[in-house]
Amino acid sequence: MKANLKYFLFLIILTPLTTGAILFYSQKIGQEIDSIAFERPVLRRTAEDGPPPASLMFFEDVRKEFFLSGKDFLEVHLDKMKIKIYKSGLLAKEVPILAKGDPDGWGGSAIGLYKIMSGNKVSFSNVADVYMPYALHYYGKYYIHGKPYYYGGEKLQSFFSGGCLQLNDKDAKLIYDLSELNLPVLVIDKERDYYDYSREKISQFPELSAKSYLIADLDSGYILAEKNPQEQFSIASLTKLMTAIVVAENVSLERTISIREEMLDAYGSTKGLEPGSRFRVVELFYPLLIESSNDAAEVLSYFLGKEKTIRLMNEKAPAILMNKTKFTDPSGYDPANISTAQDLFYLARYLLNNRSPILEITRGKRVTSFGSVSFDIEELWNKNVFIEDPTLVGAKTGFIKSSKLTALFIFRFTDENNQSRNIAIILLGSDNNKNDTHLIYKWLQDNFFGQQYVLQ
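Quick caveat: nothing in here was measured; it's all calculated off a predicted structure. Numbering of residues begins from 1 in every chain and follows the order in which that chain's sequence is written. The model is predicted, so local features are restricted to residues of pLDDT at least 70 and side-chain atom pairs to those at 80 or more, both for listing and for counting; the totals for chains, interfaces and linings are taken over all residues. Excluding hydrogens and water, the side-chain figures rest on all heavy atoms present in the structure.

Asker: Which residues make up the overall build of the protein chain, and what values go with them?
Answerer: Under the scheme used here, helices are H or I runs from DSSP no shorter than 4 residues and strands are E runs no shorter than 2 residues, and both carry numbers assigned from the N terminus. Looking only at helices and strands, one finds ten helices and 18 strands in the protein chain. Think of it in three bands: with a 1.4 Å probe and only protein chains considered, a residue is buried below 20% of the maximum accessible area for its type, exposed above 50%, and partly exposed in between. Expressed as a percentage of its 456 residues, the buried residues of the protein chain come to 53%. The long-range fraction of contacts in the protein chain, counting pairs at least 24 apart against all pairs at least 6 apart in sequence, stands at 65%. Any two residues having at least one pair of non-hydrogen atoms within 4.5 Å are treated as being in contact.

Asker: Break down the layout of surface pockets for me, with residues and values.
Answerer: Over the atoms rolls a probe the size of a water molecule, and its path tells where empty space is left. With a 1 Å grid laid over protein atoms only, a set of points is called a cavity when a 1.4 Å probe fits there but cannot get out and a pocket when it is open yet has protein on both sides within 12 Å along at least five of seven lines; lining residues have an atom within 4 Å of a point. Grid points are joined across faces, edges and corners, and a volume is the space filled by probe spheres set on the points. Estimated volume of the largest pocket: approximately 1200 Å³. If you list the elements that add at least two residues to the lining of the largest pocket, you get strand E4 (112-115), strand E5 (118-125), strand E6 (130-139), strand E7 (142-145) and helix H7 (306-319). Looking at the lining of the largest pocket element by element, the count peaks at six residues for H7. For this classification, Asp, Glu, Lys and Arg are treated as charged, while Ala, Val, Leu, Ile, Met, Phe, Trp, Tyr, Cys and Pro are nonpolar and the rest, including Gly, are polar. Considered class by class, the residues forming the lining of the largest pocket number 24 nonpolar, 15 polar and six charged. Quantified by volume, the second largest pocket comes out at close to 510 Å³. Lining the second largest pocket are 26 residues, and of these Ser-237, Glu-291, Ser-292, Lys-383 and Phe-399 lie nearest its centre. Secondary-structure elements contributing two or more residues to the lining of the second largest pocket are helix H6 (294-301) and strand E16 (392-400). Partitioned by chemical class, the residues of the lining of the second largest pocket number eight nonpolar, 13 polar and five charged.

Asker: Lay out empty space enclosed by the protein in plain terms, naming residues and giving numbers.
Answerer: According to the stated counting rule, one finds two cavities of 30 Å³ or more in the structure shown. Surrounding the largest cavity, Met-57, Phe-58, Phe-59, Ile-111, Ile-320, Leu-321, Tyr-346, Arg-349 and Tyr-350 form its lining.

Asker: Describe the environment of Tyr-86, naming the residues involved and giving the relevant values.
Answerer: Secondary-structure assignment places Tyr-86 in strand E2 (residues 82-87). Each C-alpha atom of the pair Tyr-86 and Leu-178 lies 9.4 Å from the other, and the pair is 92 residues apart in sequence. In contact with Tyr-86, other than residues within four places in its own chain, are Phe-67, Lys-71, Asp-72, Phe-73, Glu-75, Leu-91 and Ala-92. There is a polar contact of 3.4 Å between the side chain of Tyr-86 and the side chain of Glu-75. Identification of polar contacts relies on pairs of N or O atoms within 3.5 Å, with a donor-acceptor requirement for protein atoms, meaning one able to donate a hydrogen and the other able to accept it, and with residues adjacent in sequence counted only if both atoms are side-chain atoms.

Asker: A description of the pattern of salt bridges should follow, citing residues and the corresponding values.
Answerer: Salt bridge, as used here: a side-chain nitrogen of Lys or Arg that lies within 4 Å of a carboxyl oxygen of Asp or Glu. With the rule as written, the count across this model stands at 21 salt bridges. As a salt-bridge pair, Glu-191 and Arg-63 come within 3.1 Å of each other at their nearest N and O atoms. In this pair, Glu-191 sits in the loop between strand E9 (184-188) and strand E10 (212-217) while Arg-63 sits in helix H2 (residues 59-69), placing the two residues 128 residues apart along the sequence. Taking the shortest distance from any N to any O, the salt bridge between Lys-442 and Asp-446 comes out at 2.8 Å. Of this pair, Lys-442 and Asp-446 both sit in helix H10 (residues 433-449), four residues apart, which is roughly one turn of that helix. Accessibility expressed as a relative area gives 45% for Lys-442, which makes it partly exposed. Taking relative accessible area as the criterion, Asp-446 reaches 45% and is therefore assigned partly exposed. Here the salt bridges share partners, and the residues they tie into one network are Arg-63, Glu-75, Lys-80 and Glu-191.

Asker: Any details on the packing of aromatic side chains? Residues and values, ideally.
Answerer: Each aromatic pair joins two rings of Phe, Tyr and Trp (for Trp, the six-membered one) with centres within 6.5 Å, and gets the label stacked for planes under 30 degrees apart, edge-to-face for over 60, and tilted for any other angle. For the structure shown, the criterion picks out 28 aromatic pairs. Relative to Phe-449, the ring of Phe-448 has its centre 6.3 Å away and its plane inclined at 55 degrees; by these criteria the two rings are tilted. With a relative accessible area of 5%, Phe-448 lands in the buried category. One Lys or Arg, Lys-71, reaches over the ring of Phe-66 and ends 5.4 Å from the middle of that ring. By definition, being over a ring means that NZ of Lys or CZ of Arg is both within 6 Å of the ring centre and within 35 degrees of the ring normal. Cation over ring: Arg-192 sits above Phe-58, and NZ or CZ is 4.7 Å from the ring centre.

Asker: So what's going on with the packing of helix H4 (residues 239-250) against helix H5 (residues 281-289)? Which residues, and what values?
Answerer: All axes here are fitted lines through C-alpha atoms, helices being fitted over the stretch that makes contact, and every angle between N-to-C directions spans 0 to 180 degrees. It is the contact of H4 with H5, at a shortest axis distance of 11 Å, that shows an interaxial angle of 175 degrees. One element, H4, and the other, H5, form an angle in the roughly antiparallel class. Facing H4, whose interface residues are Lys-240, Leu-241, Ala-244, Val-247 and Ala-248, H5 presents Val-281, Phe-285, Leu-288 and Leu-289. A per-class count over the contact of H4 with H5 returns eight nonpolar, no polar and one charged. Angles are sorted into four bins: roughly parallel if under 35 degrees, roughly antiparallel if over 145, roughly perpendicular if 65 to 115, and oblique for all others.

Asker: Give me the pairing of E9: which residues, what numbers.
Answerer: Of all five residues in E9, five are buried; the element is thus mostly enclosed. Along E9, one buried face is formed by Pro-184, Leu-186 and Ile-188 and the opposite face, lined by Val-185 and Val-187, is buried too. Two strands pair when backbone bridges link them, and strand E1 (residues 73-77) and E9 are joined in this way by four bridges, in the parallel orientation. In the strand pairing of E9, Val-76 is matched with Val-187. Between any two strands, pairing holds if DSSP finds at least two bridges. Of the strand pairs in this sheet, E4 and E9 are connected by four bridges, and their pairing is antiparallel.

Asker: Residue-level account of the sheet that holds E16, with values.
Answerer: Across the sheet, five strands lie side by side as E11-E10-E18-E17-E16; this open sheet has antiparallel pairing. Looking along the sheet, the strands with just one partner apiece sit at the ends: strand E11 (223-227) and E16. For this sheet the average axis-to-axis angle between neighbouring strands, irrespective of direction, equals 10 degrees. When E10 meets E11, the two strands line up antiparallel, connected through four bridges. Bridge pairing in E11 places Ile-215 opposite Ala-225. On the sheet, helix H8 (residues 341-354) packs against E10, E16, strand E17 (404-414) and strand E18 (420-430) and is oriented at approximately 140 degrees with respect to E18. Packed onto the sheet, H10 meets E10, E11, E16, E17 and E18 and runs at close to 145 degrees relative to E18.

Asker: Which residues make up H6, and what values go with them?
Answerer: Counted residue by residue, H6 has eight buried out of eight residues, so it is predominantly covered. When H6 is considered as a whole, its buried residues turn out to be Asn-294, Asp-295, Ala-296, Ala-297, Glu-298, Val-299, Leu-300 and Ser-301. In this structure, the buried residues of H6 make contact with H4, strand E13 (256-258), H5 and H7. Measuring from the side-chain oxygen of the N-cap residue of H6 to the backbone nitrogen of Asp-295 gives 3.3 Å; that N-cap residue is Ser-293.

And the structure:
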């Protein structure tokens, strides 16, 4: 009886201690997840300024949601050169990446949210003519695999891959064995920074003609100004940016196509695009992105088939956080091609960090084209305004009657500390996108970057 009484008293004392310990460690784990996954910037603003604008969602926020929901997923972090696989939200394995795609060239690795589509102990790359051990296919031309080798067994040595993610064979096998079909693959390029945009006083934002706009920092996601950023509008030729992305990520840029009469039924015409002529994929990007050629968009869709191209465009959009975007043709001539200013911010960020040659072409610049370019670039009419301005990183404009003027601009500003900031200006439903952009540019200079020069 005495022994039972002692045991009962022991349980009374132990229970609150154990409960407290569990709560302590649960809170600590939650705090650690918060510190790893997401940290809100602390901005110094005055009461006059009101509450700070929100920062836009980035892929590390998706990762946090996966942690908290206890998901199985595979995280690829290109900046940290790490692959991590999680089971029920807990880390199961972490391995280093040996090689990734060159982010400044056509071979940059594709970021976004994808899934394991297939897995093979050995796959063959038709592009590089090599075998890839323990290959996990997650999107387009992109795989996670071990050290690639030629037919005779010689290993391929390269600092950059063609876009795939290369591991050593032992780690590739571990990731292969832990993965399964449809496992989410979250590929992160780099995480947001926390640049401080707080100022003692910010002047009133100018009146614009655009029905919707978003001005935001592409590196931090900080919103500087917005109007109807999540309202859907027709986007016209901004569609062509996604056409270029999807074709570049699913077709070898060196492939050629013969132009047939039925490929040239789109509105408008393009000098040089004539039945019987042949072009490589990359050559067609020049009239597509400089002159905004509808014919070039249609021809490019024939590499994969028009229906498949549009399907891939609609699959790519949510993969890069464009959740309110829908494509119905490759050119943007159909008013049913719709998006939001916020979604187009994510498109701009993707282009900046992962497909920069597309932005170069929009400025009329020649990029790696795997041979000569049949089109005279200087003769193409560049419809993307401000192409002579030294702060312009890339641009695309569009117009159809139902959409009015649309625009996506990326400018690189420099602050008083000589720090560069990449700013996206998205305009939808504008009566005068050039004037709207001038007003925005001056407002940004006056309040954040100083009066450096007049936008050209």
